[in-house]
Amino acid sequence: MFDKIIECVPNFSEGRNKAVIEKIVQPFREAQGVKLLDYSADQSHNRLVVTVIGLPEAVKEAVIEAVGVAVREVDLTKHHGEHPRMGAADVVPFVPIRNVSMDEAVAVAEDAGRQMSERYGLPVYLYEKAASRPERENLANIRKGEFEGFTEKIARPEWQPDFGHASLHPTAGATVVGARAPLIAFNVNLSTGNLEIADKIAKCVRHISGGLRYTKAIGVTLEDRGIVQVSMNMTDYTKTSLYQAFEMIKFEAKRYGVAVIGSEIIGLTPQDALIDTAAYYLGLENFTSHQILENRLME
């Protein structure tokens, strides 16, 4: 394994065309010093989430190449999906994993954003720990208006991009690049097709409207299943656990006569987040990850 490891979890606005998905993923398969851990595409969201780790420079170059593929292959003027988006390569977060500081991850993000803009003519915004100003730390603030509303937004002085010209790429939109701590994409499905209910529950759960700290949430329709879900980003699972969000959604759903029928994790998740949840539901006392057989075998 590499001595220095950075993770990147780029999100691309393509979840239906398998040929395009494979083209986007290919640079990660071919790159030296990079390991492709996972990629998952969702048709309802029309979104591809890739998880890669490796040496910082190698990961950065592979990500830049994959973004170039998305710019060529994805046309947002023809794109429709449930997940908010503003770019063909929508958001590109770098996450320090081993022997990489957050400051180093920020430097990688800044250089990646600069090169994406120079190579592909993309306007690029920096977010989270790499944000150039406080109002750009939150991805939702940047992405508000999405691709369709961004032509007017980007012309305003306060929304000039960090890299590139103040004009949207005609088919690939704009890209957000940043550095952050590990995040869990956690979705909870409800036994209804009523999006208004999911929206109301999401409002109760998300921190920005008074809900759980370190939780972002929106309501989403899964048209292929005829149901809705509360789609969440858990930005610090050590302080707000998966089971806390799950239980709060169950509680709020009851007032509408709706049940939770399942949940899903998109991409990879830290093991401790699942151990914490299992310990809660089993009522385990004084349980630690040291008691897990596989962990002891790896010592």
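Scroll up a little and you will see the structure.
Okay, so let's go over this structure. (Residues numbered from 1 in each chain as written. Predicted model: local features only at pLDDT ≥ 70, side-chain atom pairs only at ≥ 80, totals over all residues. Heavy atoms only, no water.)

Turning to the overall build of the chain, a few remarks are in order. When you go through the chain residue by residue, the secondary structure sums to nine helices and eleven strands. Its C-alpha atoms give the chain a radius of gyration of 19 Å, within 12% of the compact-globule value 19 Å for 299 residues. If you line up the chain on its principal axes, its C-alpha atoms span 55 × 50 × 40 Å. Burial status across the chain gives 49% buried among its 299 residues. Sequence separation of at least 24 residues holds for 72% of the intrachain contacts in the chain that already meet a minimum separation of 6. With the model as given, the accessible surface of the chain reaches about 14,200 Å², and the carbon-plus-sulfur share is 49%. Within the chain, the 40 negative side-chain charges are centred at a point lying 3 Å from the centre of the 33 positive side-chain charges. (Helix = DSSP H or I, 4+ residues; strand = E, 2+ residues; numbered from the N terminus. Rg over C-alpha atoms; globule rule 2.2 N^0.38 Å. Buried < 20%, exposed > 50% of the residue type's maximum accessible area, 1.4 Å probe, protein only. Contact = heavy atoms within 4.5 Å. Areas by Shrake-Rupley, 256 points an atom, 1.4 Å probe, with all protein chains shown as cover. Lys, Arg positive; Asp, Glu negative; His and termini not counted. Charge placed at Lys NZ, Arg CZ, Asp CG, Glu CD.)

Turning our eyes to something else, we now look at the pattern of salt bridges. Summed over the entire model, instances satisfying the criterion amount to 18 salt bridges. As a salt-bridge pair, Arg-29 and Glu-22 come within 3.0 Å of each other at their nearest N and O atoms. Judged by relative accessible area, Arg-29 falls into the partly exposed class, the value being 40%. By relative accessible area, Glu-22 is classed as partly exposed at 32%. One salt bridge connects Arg-85 with Glu-148, and the closest N-O pair in it is separated by 2.8 Å. Within this pair, whereas Arg-85 is found in the loop between helix H2 (56–73) and strand E5 (89–98), its partner Glu-148 is found in helix H5 (residues 146–153), the two being separated by 63 residues in sequence. Salt bridges sharing common partners tie together Glu-57, Lys-60, Asp-111 and Arg-114. (Salt bridge = Lys/Arg side-chain N within 4 Å of Asp/Glu carboxyl O.)

On to the nonpolar core. Within the largest apolar cluster, 57 residues are counted, with the highest numbers of intra-cluster contacts made by Phe-12, Ile-24, Val-63, Val-67, Phe-94, Met-116 and Tyr-125. Broken down by element, the residue count for this core peaks at ten residues, all from H2. The residues touching Val-67, leaving out its near neighbours within four places in the chain, are Phe-12, Ala-89, Val-92, Met-116, Tyr-120 and Leu-122. Membership of the second largest hydrophobic core comes to 23 residues, among which are Phe-186, Ile-197, Met-234 and Phe-246. (Core = buried A, V, L, I, M, F, W, Y, C linked by side-chain atoms within 4.5 Å.)

So, about the side chain of Thr-240. Its location among the elements puts Thr-240 in the loop between strand E10 (227–234) and helix H7 (242–254). Here the side chain of Thr-240 touches Arg-213 through a polar contact of 2.4 Å, landing on its backbone oxygen. With near-sequence residues (within four places) excluded, Thr-240 lies in contact with Leu-212, Arg-213, Tyr-214, Thr-215 and Met-234. (Polar contact = N/O pair within 3.5 Å; in protein donor to acceptor, adjacent residues only side chain to side chain.)

Take the environment of Ser-289 next. Structurally, Ser-289 can be placed in the loop between helix H8 (271–282) and helix H9 (293–297). The residues contacting Ser-289, other than those within four sequence positions of it, are Asp-272, Ile-275 and Asn-295.

What follows is about the sheet that holds strand E11 (residues 260–266). Pairing in this open sheet of four strands is antiparallel, and the strands run E9-E10-E8-E11 from one edge to the other. The outermost strands of the open sheet, each flanked by one partner alone, are strand E9 (215–222) and E11. Going across the sheet, the axis of each strand differs from the next one's by a mean of 20°, ignoring polarity. Both E9 and E10 contribute to a ladder of eight bridges, which runs antiparallel. Looking at the pairing, Ile-218 lines up with Ser-231 of E10. This element, helix H6 (residues 195–205), spans strand E8 (184–190), E9 and E10 of the sheet and lies at about 175° to E9. Strand contacts of H7: E8, E10 and E11, with the helix running at about 25° to E8, the strand carrying the most contacts. (Pairing = 2+ DSSP bridges. Axes fitted to C-alpha atoms, helices over the stretch in contact; angles between N-to-C directions.)

Quick look at the packing of aromatic side chains now. Counted under the stated rule, the structure contains five aromatic pairs. Here the aromatic rings of Phe-246 and Tyr-281 are separated by 6.5 Å at their centres, their planes lie at 85°, and the arrangement is edge-to-face. With a gap of 35 residues between them, Phe-246 in helix H7 and Tyr-281 in helix H8 connect regions that are remote in the sequence. Taking the relative accessible area as the measure of exposure, Tyr-281 reaches 40% and is therefore partly exposed. Among the aromatic residues, those joined into a ring-pair cluster are Tyr-243, Phe-246, Tyr-280 and Tyr-281. Above the face of the Trp-159 ring, Lys-153 is positioned so that its terminal group lies 4.2 Å from the ring centre. Cation over ring: Arg-213 sits above Tyr-214, and NZ or CZ is 4.4 Å from the ring centre. (Phe/Tyr/Trp six-rings, centres within 6.5 Å; stacked < 30°, edge-to-face > 60°. Lys NZ or Arg CZ within 6 Å of the ring centre and 35° of its normal.)

Contact geometry for H6 and H7: axes closest at 10 Å, N-to-C directions at 135°. One way to sum up the angle between H6 and H7 is to call them oblique. Between H6 and H7 lies a crossing of right-handed hand. Taking contact as the criterion, the partners of Ile-201, Cys-204 and Val-205 in H6 are, on H7, Met-248, Ile-249, Glu-252 and Ala-253. Here the contact of H6 with H7 is composed, by residue class, of six nonpolar, no polar and one charged. (Parallel < 35°, antiparallel > 145°, perpendicular 65-115°, else oblique. Left-handed = near helix turned anticlockwise from the far one by under 90°. Nonpolar A, V, L, I, M, F, W, Y, C, P; charged D, E, K, R; others polar.)

This part is about the environment of Leu-55. The topology assignment puts Leu-55 in the loop between strand E4 (47–54) and H2. Along the primary structure Leu-55 and Lys-35 are separated by 20 residues, whereas in three dimensions their C-alpha atoms are 9.3 Å apart. When neighbours within four sequence positions are excluded, Leu-55 is seen to be in contact with Phe-2, Asp-3, Lys-4, Ile-6 and Gly-33.

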